[in-house]
Every structure is written in C-alpha cells, then in structure tokens.
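Geometric and topological summary
Each chain is listed here by its residues.
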Amino acid sequence: MIRQRIPTNGRDHFITSASGCHTRYITSGPRNGLIANRSLDRSTIFAFCFGSLDKEDILFTQNSFFTLCSLSLSLSNPTQILAMTILRFYQRPSSLSIAFSSRHEWSFSGSSELVTLTTRRNQCWRFSPLKSSNGSPLAGASWKDDGKEMSVPKVPDIGSQLAENTVSITVVGASGDLAKKKIFPALFALYYEDYLPQHFTVFGYARSKLTDEELRHTISTTLTCRVDKRENCSDKMEQFLRRCFYHSGQYDSEVDFCELDNKLKEKEDGKLANRLFYLSIPPNIFVDVVRGASRSASSPNGWTRFIVEKPFGRDSESSSELTRCLKMYLIEEQIFRIDHYLGKELVENLSVLRFANLVFEPLWSRNYIRNVQLIFSEDFGTEGRGGYFDHYGIIRDIMQNHLLQILALFAMETPVGLDGEDIRNEKVKVLRSMRVLKLDDVVVGQYKGHTKGGKSFPAYTDDPTVPKGSLTPTFAAASLFIDNARWDGVPFLMKAGKALHRRGAEIRVQFRHVPGNLYKRKFGTDLDKATNELVIRVQPNEAIYLKINNKVPGLSMRLDSSNLNLLYSERYPREIPDAYERLLLDAIEGERRLFIRSDELDAAWAIFSPLLRELEEKKVVPELYPYGSRGPVGAHYLAAKYNVRWGDLSDSS
C-alpha cells in the first residue's frame, strides 16, 4: 500500500493506493474532491470526500460501494453526497443505488438528464449534466444546495441508468423443501410489501425436469399474504408468479449454466444486470455450482452474489477447505453465508435493546450479570431427516452456528458504527476470546422411545434413516467462557435438543443477587427466587420480559416475582416478517451485517472442533432421555457446577 500526501486547503489528506499506479485528483473547490485511479483497470476507484469529513482514509472499489456509502450517510454535509453522485456516472450505478436504499434513509430517481436524491427529512438535491450554449453535454454535472448552483467534474457515463437496473434471483435447488417452504415465500413477501426492485426476475434451477408452469404451480401452494393487505393478494400473487421461470440443469455443468445465462440475459433485456444465486443445495455440491455459475452465468455489467446455506463444513479443516474452494471463483464480498437465526426479529433487536437503552448497557458485564443462558428446544424428533442429522448432530446443527452467533452478538463490545464490517469485527473479537471447549464442559444426550398417555414416541435410532447403534447426540449442554475484561468468569450456558418437553428459543440473563438484601428473609433459603432475570424469547410468541421483585398488595409484607412484559403480538399486531425475508433483502441490497465472514467462521469452528474430534474418537455414549422430557439429568449437574439453575425449567411464562 502506498500513502500519498495531498495538501488541500491547508490540511493534509492521505490517499491510500493499492499499488504504485498513478492517481488523478479532481476537485471543484475546497470542500469536495474525488480520486479516480484509471491506471489500474476499470474495476478500481479510489474516492475521498473532504469538508467536515474527519475520518480514516477510504479504499473504495466496485465490490465495496457500501464502505463509502455508509460513511456518507452518517454525515449531514451534502458535499459527501455530491461525491457519491459523481460516482453514479461510473460503472456501477446499481451498487450505489442499492447501497443508499439499504439504509432506508434515501430515495433515488433518475435518468440521463436528471438525478434526484431525497432524504427521509424531505431534503432534496438534484443533479444534472452541464450543457453548453448549444445544448450539448459537458464533462461535468451541476448540483444545487440552498439555491446555490455549483459545478463538479463528471466521470464519463458509460452505461445504463439507475431506472434501468434489474435483479435476477436464481434459486439453485428449486425443487427442494427449503426453496418451496422458505425461499420462494420470502421472495413473494418482499414483492408483496414492495421491497423488491421494479425490475426483477426469479429463476428456479435444479436437475428435475419441470416447465415454468409446473414451477409456478408448486410455488403457488406455499405463498401467503400479509394479514393487513389481503384484499389484493391474488393479484399480487399472479404478478409475482409471472416473473418466475425454471431452467433444468446439472449442478456441475458449465454448459447448463451457460444456457441459464442466455435465459437471464433475455429477461434482463439489456438493462444493467445484478444477479443473486441462492444455493439451497447440499454442501458437497456448493463448489460445483459456484464454479459453473461464476464462470458461465455471472453478470456482465453488475454485481454477482452467492448466498450459501449452512452447514459450512463439519470442523475447522473441512470449513477452511470449503472457503478455499469457494474463493477460487469468488471474492469474500460475493459470498453471503446465511444463518437464518440472525434474521429473526428478536435477535436483530438484541443490539437495539442494549445500545439504545441506557438502563441496560451499564449492567452488561460481569459486575452485574451472574450467568447467561442460550436455550434451543424442539418438541419433535428427526422425523425422516435422520440421515442428514446423523452426519452432523445437534452441536454442529444448532450450537456451533445459531447459538454461538447469538452469543457473539450479545457479548460484543460497542461497534464503531452500524456498518456490517464494524459489527462483524466485534463479533470476531468475542469468538477469539472464548475458551476452547473440552469434554468436561459438555453433556450429550440422545432421546429414547417413550409411551405417554397411551401414545408411543419413537427413539432416535428407530428412525429408518438413522444407522443402528448411532452415537450422534440429539441433545447437548455446554458451558462456555469469554476471557476478556467484560465477561471474565461469567458462564455462558448453552442447551439445545430435540424431542424435548416444549419448543422454544430464548436468551436468559440472570443478574447477581442484591448485596445485603434487606428482604432476603422474605425469600427464605432460595435466593434464586430473588434474582432479577431478563428473558428475550426469540420464538415462539416473541417477547422481552424482565423479572422483578414486587410487594403483593395487602397489609402484610409479602414479596412476589413479577414480569415487566413486552409481548410482541400485543404491542405490535402487524405480522413479524420471516427471517428469510430480511436476509434475502439484505443480500440484494449488499448489507452484510447479518451474514458470516470467513474469519468469523474460522473462529467459531476453533471453539468446537477439538470437542467434536474428541467425542468421535472416544466414541462417547450419549445419556438417554425420554422423548418429550426435559432432557438428560447430566445437564442439571453441569449447570449446578456453576451454582446455576436452568431458567426454562421453572418458568411458566
């Protein structure tokens, strides 16, 4: 990297270049400027905005428009917006438009003659090409702020306009259950709520031989409409289905992806094309699909992104190998590793609850928190999915990804900003501070057959898709620790299992006992009854409630534990969007905050891989527990080691 010192208006500004190539500086006054590097290739731009911007240097490429966008959107000085508008005339106006719209702070409209940028506060800036006296365009643009017109240089306009962008979404594995039950309904919900771009096309891709009409019929059986807008449901559904098409092909055939590319180009009709591939397929064919799609079906003039579903390998080695293979054909910014739990409403609200409420942030440390519990339970077994599940088990399927991601969001330090990279940086720091799990830190279990109320429930090994004598855990409890100043000594207890007594996912924060509690005699010997507890119920019946101690009305001094309850269904009657809706929208808009970065994935696997290896090498036999019970007894002993009681076992909320 080379740093150039450019004196500007009495101040030193440093421009960082990725190579020794010459950079060209353009300015139309002391308050704004643009660095454009044309000596590298057309895929690289360096931009730097002056004025009130006292930030770090900005390295800006077509694959990272969001970096400068997020910085500009945090400022009120329109000169920063001006610099972004200059870039509109460059190669990737779609990336710029999407980056702005992803913040939901701005709206764009435009043509070759006029571009209008409107803020949420209805402030408006209009930009248009300068024209000479004879009406021919000049190499510049004009802008108005408070009625004063100024001119800025214009980078050559080389293509499509903002209004001519299109997004093509290809669901690879379109005939599978995930695509039919989650992805297509989520895309329709986004269309129904007017979140998809004006021009978009949905393609299904799989080996099954289907026609467009057969795909549409399959999709139509799973689509639902928002409760508050049912009146135009059938019309919107028909409009959405007309944009859905199908292409049959092999996952490892570049020829078939080339044919898909021809169909995509036909639907894109010369517009600036952005393409999103959703890999709803087994992980063993990820690389084949990425190879074929990236080589033969990438966008010729817009962005190309790939959503990759978990599991991301079985351990550190297989995960690293998968990442290495994907990066043979893609760069990190094109890979969106999806964990749908990060798209759930209460998980996304976690940082808001903590950082937007003064009452919580000072308490968020070992000084006030005694333990944190992350609990996931299902009230059903594998039910025909035993073949897949037996290859991974509950630790890989739930704990290493869903619960660990929630833990990282919960425990991270305050990020620099809300930019995706800022948040992911803090999550990585948490994961790297965590102790590696050992066998003594974990209890594993497997459900057995059980008869209750005259009804028989099968054992895990009764599933015909599960190998006889399998030792794969269907339940696991673990104690984790974060070795940093904020969380030193605080146990983070995880518990996940199938065929338990109830279904749910929640975060429980148990606070320390009140020192010298004046009312401790009122609680008897069980001081845990006097413990304040914050519960964030992710599913079902989303809610946030805080357990407090309260006097029961009357003449005697009786104390009671009560809940201050925010039940989402009562406070917010509007239907909560599905997690896949949020994550698909973020991927289209280039928002990476809720997706997993490669170094984040490496840090997560480093915590669990030694434990998984030890479980398999020593052939640890899981403790059996009855179908529909509260899980193995060993989980209670694990919590008791830290003087903790599982909160979900005694809570009736």
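Everything that follows concerns the structure shown earlier in this document.
Here the structure is a predicted model, which means the values were calculated and not measured.

Here we look at the overall build of the protein
Secondary structure assignment for the protein yields 16 helices and 27 strands. Expressed as a percentage of its 653 residues, the buried residues of the protein come to 54%. Within the protein, contacts between residues at least 6 apart in sequence are counted, and of these 69% link residues at least 24 apart.

Some remarks on the packing of aromatic side chains
Per the stated rule, a full pass over the model turns up 25 aromatic pairs. Centre to centre, the rings of Tyr191 and Phe200 are 5.4 Å apart; their planes meet at 55°, and the pair counts as tilted. Judged on exposure class, the residue Tyr191 and its partner Phe200 are both buried. With a centroid separation of 4.5 Å and an interplanar angle of 15°, the aromatic rings of Tyr205 and Phe257 are classed as stacked. Of this pair, Tyr205 sits in strand β11 (residues 200-206) while Phe257 sits in helix α7 (residues 254-268), and the two are 52 residues apart along the sequence. Assigned by exposure class, Tyr205 and Phe257 land together as buried.

Points about the pairing of strand β10 (residues 165-172)
Of all eight residues that make up β10, eight are buried, and the element is covered over most of its length. Neither face of β10 is open: one carries Asn165, Val167, Ile169 and Val171, the other Thr166, Ser168, Thr170 and Val172, and all of them are buried. Two elements, β10 and strand β13 (residues 272-279), share eight bridges in a ladder whose sense is parallel. Within β13, the residue paired with Val171 across the bridge is Tyr278. Strand direction decides the pairing type here: β10 and β11, joined by six bridges, are parallel. Its bridge partner being in β11, Thr170 is matched across the sheet by Phe203. Handedness of the crossover is the feature at issue here: the chain leaves β10, passes through helix α4 (residues 177-192), returns alongside β11, and the resulting connection is right-handed.

Some details on the pairing of strand β17 (residues 442-448)
Taking burial as the measure, the seven residues of β17 include six buried ones, the bulk of the element. Pairing geometry for β17 and strand β20 (residues 475-480), over four bridges, is antiparallel. Residue Gly445 lies in a different strand from β20, and its bridge partner there is Phe475. Relative to strand β27 (residues 623-626), β17 is paired through four bridges, and the arrangement is parallel. Residue Gln446 lies in a different strand from β27, and its bridge partner there is Leu624.

Looking at the environment of Lys263
The topology assignment puts Lys263 in helix α7. Considering only alpha carbons, one finds Lys263 and His247, 16 residues apart in sequence, at a separation of 8.5 Å. In this structure Lys263 touches Phe203, Tyr246 and His247, once residues within four positions along its chain are discounted. Among the polar contacts made by the side chain of Lys263, one reaches the side chain of His247 at a distance of 3.1 Å.

Describing the environment of Arg396
Here Arg396 is to be found in helix α11 (residues 386-411). With a relative accessible area of 6%, Arg396 lands in the buried category. For the pair Arg396 and Asp315, spaced 81 residues apart in sequence, the C-alpha to C-alpha distance is 8.5 Å. With sequence-adjacent residues up to four places away left out, Arg396 is seen in contact with Arg314, His391, Asn401, Trp605, Leu612 and Glu616. Within the structure, Arg396 has its side chain in polar contact with the backbone oxygen of Tyr392 (distance 3.2 Å). A polar contact is formed between the side chain of Arg396 and the side chain of Glu616, at a distance of 2.9 Å.

Quick look at unusual backbone geometry
The omega angle of the peptide bond from Lys310 to Pro311 is 5°, so this bond is cis rather than trans. With respect to the secondary-structure elements, Pro311 resides in the loop between β14 (304-309) and α9 (316-326). One non-glycine residue with positive phi stands out, namely Ala499, at about 55°. Phi is positive for Lys619, close to 50°, though the residue is something other than glycine. Turning to its location among the elements, Lys619 is positioned in the loop between α15 (598-617) and β27.

Examining helix α5 (residues 212-220)
If you check which residues of α5 are buried, you get Leu215, Arg216 and Ile219. The arc that holds every buried residue of α5, seen down its axis, measures 100°, which confines them to one face. In α5, the exposed positions that point more than 90 degrees away from the buried face belong to Glu213 and His217. Against the buried residues of α5 lie α4, β11, α6 (233-241) and β12 (244-248).

Here we look at the side chain of Arg592
Looking at the secondary structure, you find Arg592 in the loop between α14 (579-589) and β26 (595-596). Buried charged residue Arg592 carries no salt bridge. Nearest counter-charge: Glu421, at 5.5 Å. Only 3.1 Å separates the side chain of Arg592 from the backbone oxygen of Gly590, close enough to count as a polar contact.

Concerning the side chain of Ser168
In this fold, Ser168 is placed in strand β10. In this structure the side chain of Ser168 is engaged in a polar contact, spanning 2.9 Å, whose partner is the side chain of Glu268. Each residue touching Ser168, except ones within four places of it in the same chain, is listed here: Thr201, Leu264, Glu268, Asn274, Arg275 and Leu276.

As for empty space enclosed by the protein
Summed over all chains, the structure comprises six cavities of 30 Å³ or more. Estimated volume of the largest cavity: approximately 70 Å³. Residue contributions to the lining of the largest cavity peak at four residues, all from helix α10 (residues 345-355).

Description of the sheet that holds β12
Spatial ordering of the open sheet is given by β12-β11-β10-β13-β14-β15-β26, a layout of seven strands whose pairing is mixed. The two strands at the open ends of the sheet, each matched to only one other strand, are β12 and β26. Across the face of the sheet, α5 comes into contact with β11 and β12 while running at roughly 120° to β12. On top of the sheet, helix α8 (residues 286-296) reaches β10, β13 and β14; it is set at about 170° to β14, its chief contact.

Considerations on the sheet that holds strand β21 (residues 492-497)
Read from one edge to the other, the open sheet built from nine strands follows the order β25-β24-β23-β22-β16-β21-β20-β17-β27, with strand pairing classed as mixed. The sheet is open, and its two borders are formed by β25 (559-567) and β27, each paired with just one other strand. For this sheet, the mean angle separating the axes of adjacent strands, direction not counted, is 20°. Sheet topology places strand β16 (residues 369-377) next to strand β22 (residues 504-511); eight bridges connect them, and they run antiparallel.

Thoughts on the nonpolar core
Among the nonpolar cores identified, the biggest contains 146 residues, and Phe240, Leu279, Ile395, Phe410, Phe492 and Phe608 are the most heavily contacted of them. Counting residues per element, this core draws most heavily on α11, at 13 residues. Other than its neighbours up to four places away in sequence, Phe410 contacts Leu350, Arg354, Trp364, Ile369, Val372, Trp487, Phe492, Ile507 and Val509.

Details of the pattern of salt bridges
A side chain with one charge can pair with a side chain of the opposite charge if their charged atoms come near. One pass over the structure, following the stated rule, counts 34 salt bridges. Here Glu614 ties to Lys618 by a salt bridge, and the two come within 2.8 Å at their closest N and O atoms. On the accessibility criterion, Lys618 (54% relative accessible area) is exposed. Residues joined in a network through salt bridges with shared partners are Arg502, Glu506, Arg508, Glu533 and Lys547.

What counts, and at which threshold
Residues numbered from 1 in each chain as written. Predicted model: local features only at pLDDT ≥ 70, side-chain atom pairs only at ≥ 80, totals over all residues. Heavy atoms only, no water. Helix = DSSP H or I, 4+ residues; strand = E, 2+ residues; numbered from the N terminus. Buried < 20%, exposed > 50% of the residue type's maximum accessible area, 1.4 Å probe, protein only. Contact = heavy atoms within 4.5 Å. Phe/Tyr/Trp six-rings, centres within 6.5 Å; stacked < 30°, edge-to-face > 60°. Pairing = 2+ DSSP bridges. Right-handed = clockwise from strand over helix to strand, strands pointing away. Polar contact = N/O pair within 3.5 Å; in protein donor to acceptor, adjacent residues only side chain to side chain. Arc of directions from axis to C-beta. Lys, Arg positive; Asp, Glu negative; His and termini not counted. Salt bridge = Lys/Arg side-chain N within 4 Å of Asp/Glu carboxyl O. 1 Å grid on protein atoms, 1.4 Å probe; cavity = no way out; pocket = protein on both sides within 12 Å on 5 of 7 lines; lining within 4 Å. Points joined across faces, edges and corners; volume = space filled by probe spheres on them. Axes fitted to C-alpha atoms, helices over the stretch in contact; angles between N-to-C directions. Core = buried A, V, L, I, M, F, W, Y, C linked by side-chain atoms within 4.5 Å.

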